[in-house]
Amino acid sequence: MSASQTSDAPTLLVKIFGKDRPGLTAGLFDTLAAYNVDVVDIEQVVTRGRLVLCALVTVPPSGVEGDLRVTVHNWAESRKMQAEIISGIGDNRPRGVGRSLVTVLGHPLTAKSTAEIAARIAAVGGNIDRIFRLAKYPVTAVEFAVSGVETGPLRTALVTDAAALGVDVAVVAAGLHRRAQRLVVMDVDSTLIQDEVIELFAAHAGCEAEVAEVTAAAMRGELDFEQSLHARVALLKGLDASVVDKVRAEVRLTPGARTLIRTLKRLGFQVGVVSGGFTQVTDDLKERLGLDFAQANTLEIVDGKLTGKVVGEIVDRAGKARLLRRFAAEAGVPLAQTVAIGDGANDLDMLNAAGLGVAFNAKPVVREAAHTAVNFPFLDTVLYLLGVTREEVEAADMHDDTH
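Quantities reported herein were computed from a predicted structural model and do not represent experimental measurements. (Residues numbered from 1 in each chain as written. Predicted model: local features only at pLDDT ≥ 70, side-chain atom pairs only at ≥ 80, totals over all residues. Heavy atoms only, no water.)

### Structural notes on the confidence of the model for the protein
Argument step 1. Mean pLDDT over the protein: 90, with 93% of residues reaching 70 or higher.
Argument step 2. Per-residue pLDDT stays below 50 along residues 1-5; that stretch engages in four contacts with residues further than four places along the chain or on separate chains. (pLDDT = per-residue confidence, 0-100. Contact = heavy atoms within 4.5 Å.)

This is the structure in structure tokens:
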């Protein structure tokens, strides 16, 4: 039967529910096969060991529908299941234009916040077609498949004040390109690592307070990034170059950083970092973590001492976005299929240039300007925004352990 014929032909919705066990799906379709029906649609969900299996099938030849109903009910009862069969016309109604995937992260995910998210989807004309749990720890992550509203308005309705609901929300367009995002670029300080590298250097130079004062002036808008960089690096003049190794040893990765990078690499992604910090640290991170790209500022070292200057191209706010584009070109990845992660205002150009910009534990001004925000201290939660489940991460880890 063709699709056009199915659209207005009588159909039966066969629904089976009860305790899940192996062989139920095969058993139901074996039972239906005896009546020469075609399968129009199937959906199956298992929650806490309870199965709901729905099969939309064409009506059997004249005179045997009643027998089909009796047989299906008898089969279900023999398996200690319940059956429901509903007559109707045609296929499921087509999904509305505009399809998006809404990922919600909660710790915990409350009924109240879930109700508010669902209500906001409905308020902009969206319909929830499917809900799927991606992870239950360290956060609860669920994915809503939504149709009937374009991605932009849906994102505006959900992301703007998600933090007030106690959840993080990401909204991306559904489609093949979602898993095809093949480049992830991260900031380093307070994103990939827990530290601010220049403060680690300043601690060895005994000028932490002075560096913090310059940083504060930059945050107040009294200095731009390049001015503040030169002012802070000048305070490191005369520091012995041996301090570089000490700083490298002091760097602390953000929880989940290794898992994020390892999983992305398994999925075929390329991964890079851009930093307003220093290549003396990012080059080491690139080697340790197997990164594909790394770019930062470079401290000048002459005769075994820091000169208090930087050399080469300055990596500032505009520079980070420029490097994202450069990495994407080198990786052969369209900019729309890139992901950028950062925490500071100097990351905003990069976050907005990427296909998906993620503000990670960022200040409100950054959260509000980015596509989405993650406010949990685990960097690997970003995987859920890409549709990767916790089970997939753990299965891949187990696979590595067996080799």
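### Concerning the pairing of strand S1 (residues 10-19)
Argument step 1. Pairing geometry for S1 and strand S4 (residues 82-89), over eight bridges, is antiparallel. Looking at S4, one finds that threonine 11 is bridged to glycine 88. (Pairing = 2+ DSSP bridges. Helix = DSSP H or I, 4+ residues; strand = E, 2+ residues; numbered from the N terminus.)

### Comments concerning the environment of alanine 234
Argument step 1. Within the secondary structure, alanine 234 is located in helix H8 (residues 225-234).
Argument step 2. Separated by 73 residues in the primary sequence, alanine 234 and threonine 307 place their C-alpha atoms 7.7 Å from one another.

### Structural notes on the packing of aromatic side chains
Argument step 1. Within the structure shown, the criterion is met by two aromatic pairs.
Argument step 2. Aromatic pair phenylalanine 201 and phenylalanine 278: ring centres 5.9 Å apart, planes at 85°, arrangement edge-to-face. Placement of phenylalanine 201 in helix H6 (residues 197-205) and of phenylalanine 278 in strand S10 (residues 270-278) is noted, with a sequence separation of 77 residues between them. Summarising the burial analysis for this pair, phenylalanine 201 and phenylalanine 278 share the class buried.
Argument step 3. Seen in terms of ring centroids, phenylalanine 293 and phenylalanine 327 are 4.7 Å apart; in terms of plane orientation they differ by 15°. Their pairing is stacked. Of this pair, phenylalanine 293 sits in strand S11 (residues 293-302) while phenylalanine 327 is found in helix H12 (residues 317-331), placing the two residues 34 residues apart along the sequence.
Argument step 4. Stacked on the ring of phenylalanine 17, the Lys or Arg lysine 15 has its end atom at 5.4 Å from the ring centre. (Phe/Tyr/Trp six-rings, centres within 6.5 Å; stacked < 30°, edge-to-face > 60°. Buried < 20%, exposed > 50% of the residue type's maximum accessible area, 1.4 Å probe, protein only. Lys NZ or Arg CZ within 6 Å of the ring centre and 35° of its normal.)

### A look at the side chain of aspartate 316
Argument step 1. Assignment of secondary structure puts aspartate 316 in the loop between strand S12 (305-311) and H12.
Argument step 2. Although buried, aspartate 316 forms no salt bridge, and the nearest oppositely charged side chain, arginine 322, lies 4.8 Å from it.
Argument step 3. Engagement of the side chain of aspartate 316 in a polar contact is seen with the backbone nitrogen of alanine 318, the distance being 3.4 Å. (Lys, Arg positive; Asp, Glu negative; His and termini not counted. Salt bridge = Lys/Arg side-chain N within 4 Å of Asp/Glu carboxyl O. Polar contact = N/O pair within 3.5 Å; in protein donor to acceptor, adjacent residues only side chain to side chain.)

### Let's talk about the environment of valine 233
Argument step 1. Its place among the elements puts valine 233 in helix H8.
Argument step 2. Among all residues touching valine 233, those that are not within four sequence positions of it are Ile198, Phe278, Leu299, Gly308, Lys309 and Val310.

### A closer look at the pattern of salt bridges
Argument step 1. Applying the stated criterion across every chain, the model contains 14 salt bridges.
Argument step 2. Measuring nitrogen to oxygen at the nearest pair gives 3.4 Å for the salt bridge that ties glutamate 313 to arginine 326. You can see glutamate 313 sitting in the loop between S12 and H12 and its partner arginine 326 sitting in helix H12, a full 13 residues away along the chain.
Argument step 3. Residue classification places glutamate 313 among the partly exposed positions, given a relative accessible area of 33%.
Argument step 4. With a shortest N-O distance of 3.0 Å, aspartate 380 and arginine 390 are connected by a salt bridge.

### So, the side chain of lysine 320
Argument step 1. Turning to its location among the elements, lysine 320 is positioned in helix H12.
Argument step 2. Among the polar contacts listed, one links the side chain of lysine 320 to the side chain of aspartate 187, at a separation of 2.9 Å.

### A few points about the nonpolar core
Argument step 1. Ranked by internal contacts, the top residues of the largest apolar core, which has 62 residues, are Met186, Leu192, Phe201, Phe278, Leu285 and Ile341.
Argument step 2. Here this core takes five residues from H6, the largest share from any one element.
Argument step 3. Excluding its chain neighbours within four sequence positions, the residues that come into contact with phenylalanine 201 are Leu236, Leu239, Val243, Val244, Val247, Phe278, Val281, Leu299 and Leu306.
Argument step 4. If you look at the next biggest cluster of nonpolar residues, it comprises 22 residues, including Phe327, Ala331, Ala354 and Val366. (Core = buried A, V, L, I, M, F, W, Y, C linked by side-chain atoms within 4.5 Å.)

### Points about the sheet that holds strand S8 (residues 167-173)
Argument step 1. Spatially, four strands are ordered S6-S7-S5-S8 in an open sheet, and the strand pairing comes out antiparallel. Where the open sheet ends on each side, the last strands, each with one partner, are strand S6 (127-135) and S8. Strand-to-strand twist of the sheet, defined as the mean angle between neighbouring strand axes without regard to direction, takes the value 20°.
Argument step 2. When strand S5 (residues 99-106) meets strand S7 (residues 140-147), the two strands line up antiparallel, connected through eight bridges. (Axes fitted to C-alpha atoms, helices over the stretch in contact; angles between N-to-C directions.)

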